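Examining the three-dimensional arrangement
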Amino acid sequence: MSQVIFLDVDGTLVNYENEIPASAIEAIKLARQNGHRIYACTGRSRAEMQPEIWDIGIDGMIGGNGNYIESDNQVIYHNSLSLAECTEIVDYLHAHGLEFYLESNSGLYASENFFERSIPVLQEYCKRKGMDNVQDVTAETVMHGMVFDSTNYYRDDVNKISFILESYQDYLDAKTHFSQFEVNTWGGKGEVALFGDVGVKGIDKAFAIDQLLNHLGADKKNTIAFGDAKIDIPMFQYCAQSVAMGSGGPEAKAAADYITTGVDEDGIYQAFKHLELI
C-alpha cells in the first residue's frame, strides 16, 4: 500500500550543518520509485528550502509549521499574517529591543542588528545539536534565504516571525501580550529555549497534513510522520505511524511509535527499511 510520508527537515532530513545525508537521499528516491509520496513538513518557509532538498524529487512541502502547503508545484493553502498583524508584532519587538527575522516564502528578512546578535545564539544552537566546530557559524552559514539589508519590516506575506530571547521572560511576556497568535519557542526545551516565534493561531503540522490529505484524496491510515522535536508531536499523534530520530529530543522519542538512528547515522534510510518502504 502506498504511503504518504511527512519528513521534518532540521534534525530529521538535514543535519545541523544543513547537510542531507547521502543515505537519506537514496532512501527517498527509492521510496518514491516504489509509489510512495514524500513531503517535507517543517517550520521553514519556502525561501529556507535549499535547492538540494527539491533536487531529491519530493512531492511538495508543508511550511511555517502548517500555514503553507504545496503539492506537485501547486499552492494548496497559505495563511500568512496580515499587514496589520505583522506591523503590530514588529513594533512590539522593536520596542522591547528584541532582534528578529520575518519568515516569508520570498526570504528571511532580518532586523537591523540580527546578524551580530544572532552569532552566539546560533553557535549555541548548533552546539546543542551536536556540531563540534561552531566557531564559524553565522546566520549566513546555517539559514538559507536570509536577507540582511531589508528596509521594510511591514509586510503582508509573512508566515511567522522568530525573535531572539534575551531571557525566558521575553517568551512569557510575548505569549501573554499576543494571546491572539500562536507563540512558541525553539532551540531548546523549557527555559533553555533560544528563540521565540509568533504566527497564526490554531495552525500546526497536523492541521496542514489533514488539509493536504483532503486535497490528495488520501487516507489517514496510510501516513507516516518523521521528526525530532516537540513541535513534531501533533503530526505524530495525527499520522498512523510516527518515527523519531535517535538524535532527537526526549519528548519526540516518547511520543513516537518507533525510534530510528540519528540523522547522521542513516536514520531515514534505516527507518524506511524497517517500515518496508524500500
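Our subject is the structure that appears above.
Thresholds, definitions, all that
Residues numbered from 1 in each chain as written. Predicted model: local features only at pLDDT ≥ 70, side-chain atom pairs only at ≥ 80, totals over all residues. Heavy atoms only, no water. Pairing = 2+ DSSP bridges. Helix = DSSP H or I, 4+ residues; strand = E, 2+ residues; numbered from the N terminus. Contact = heavy atoms within 4.5 Å. Axes fitted to C-alpha atoms, helices over the stretch in contact; angles between N-to-C directions. Buried < 20%, exposed > 50% of the residue type's maximum accessible area, 1.4 Å probe, protein only. Polar contact = N/O pair within 3.5 Å; in protein donor to acceptor, adjacent residues only side chain to side chain.

Before going further, it helps to spend a moment on the sheet that holds strand β6 (residues 100-104). Note on sheets: strands pair through backbone hydrogen bonds, and any given pair is parallel or antiparallel. Spatially, β8-β7-β6-β9-β11-β10 is the arrangement adopted by the 6 strands of the open sheet, whose pairing is mixed. This sheet does not close on itself; its edge strands, each paired only once, are β8 (146-147) and β10 (181-186). In terms of strand pairing, β6 meets strand β7 (residues 107-110) through 4 bridges, oriented antiparallel. Each residue of the ladder has a partner; that of Ser104, found in β7, is Gly107. Taken strand by strand, helix α3 (residues 83-95) contacts β6, β9 (158-164), β10 and β11 (195-200), and its axis lies near 5 degrees from that of β9. Sheet strands in contact with helix α6 (residues 168-177) are β9 and β10, and its direction is about 170 degrees off that of β10.

Mapped onto the secondary structure, Gln211 falls in helix α7 (residues 205-216). Assessed through its relative accessible area of 28%, Gln211 is described here as partly exposed. Measuring from C-alpha to C-alpha, the distance between Gln211 and Val121 comes to 35 Å, with 90 residues separating the pair along the chain.

This brings us to the side chain of Glu70. On the secondary structure map, Glu70 appears in strand β4 (residues 68-71). Here Arg46 takes part through its side chain, which lies 2.6 Å from a polar atom of the side chain of Glu70. Engagement of the side chain of Glu70 in a polar contact is seen with the side chain of Tyr68, the distance being 2.6 Å. When residues no more than four places from it in sequence are discounted, the contact partners of Glu70 are Tyr39, Arg46, Trp54, Asp59, Gly60, Met61, Val75 and Ile76.

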